[in-house]
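Now for the letters of each chain:
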Amino acid sequence: MYCPFCNSTQVAVVNSRATKKDSQIWRRRKCLICNEVFTTYEKIDLSHLIIIKKSGRKERFIRAKLYAGIYGSTIDKKNADKGEMSELAEEVTNKVEQDIVALKRKKIQSVEITEMVLKILGKRAPDALLRFLAYREGENKKRLGNLLDKYF
Ligand SMILES: [Zn+2]
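This section reports on the structure supplied with the text. (Residues numbered from 1 in each chain as written. Predicted model: local features only at pLDDT ≥ 70, side-chain atom pairs only at ≥ 80, totals over all residues.)

### Remarks on the overall build of the protein chain
Argument step 1. Helices and strands together make up the secondary structure of the protein chain, namely 5 helices and 6 strands.
Argument step 2. Starting at the N terminus, the α and β elements of the protein chain follow one another as β-β-β-β-β-α-α-β-α-α-α.
Argument step 3. Burial status across the protein chain gives 16% buried among its 152 residues.
Argument step 4. Look at the contacts in the protein chain between residues 6 or more apart in sequence, and 42% of them connect residues 24 or more apart. (Helix = DSSP H or I, 4+ residues; strand = E, 2+ residues; numbered from the N terminus. Buried ≥ 20, exposed ≤ 12 C-beta atoms within 10 Å, placed from the backbone. Contact = placed C-beta atoms within 7 Å.)

Structure, rendered in structure tokens:
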């Protein structure tokens, strides 16, 4: 770590925490040479993670794909998204990433990720959870009914 002001490498961490909605570590650093204070963010990297699909097919974890899946299946088609749905999808994606990191595993089943999404949506946005379940289950009303029993 270099000080952005004087390029010295003598930098100390003076404060550190996980940001509230983000899967990021926030650190306040202080240069010991010029005494300037600056902030750094460290993002979670899950590029090593392997997802095992229901079909048994394996693929690498791609954050954008998870986000798009959550956004696409929770968006309220009757009402235009004024930004709150993309914010929700971002928040849920971050929380899922944190939960995956906490598992300390190299592989995860796609259904486990779906369960995480359901759990987070259930707490955070029941309306969006309903749309997510309906989207996932499509015409399969019976199974949708069972899932709703489980989450409400
Ligand atoms: Zn400095």
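### So, the packing of helix α3 (residues 110–124) against helix α4 (residues 126–137)
Argument step 1. Where α3 contacts α4, the axes come no closer than 6 Å and their chain directions differ by 145 degrees. Between α3 and α4 lies a crossing whose hand is left-handed. The residues of α4 that touch α3, namely those facing V117, L118, L121 and G122, are P126, A128, L129 and F132.
Argument step 2. Of the residues belonging to the contact of α3 with α4, the class tally is 7 nonpolar, 1 polar and no charged. (Axes fitted to C-alpha atoms, helices over the stretch in contact; angles between N-to-C directions. Left-handed = near helix turned anticlockwise from the far one by under 90°. Nonpolar A, V, L, I, M, F, W, Y, C, P; charged D, E, K, R; others polar.)

### Quick word on the environment of A89
Argument step 1. With respect to the helices and strands, A89 occurs in helix α2 (residues 84–103).
Argument step 2. Expressed as a C-alpha distance, the spacing of A89 and G69, which sit 20 residues apart in the sequence, is 8.8 Å.
Argument step 3. Among residues more than four places away in sequence, those in contact with A89 are Y67, I70, Y71 and T74.

These values are about where atoms sit, not about what they do.
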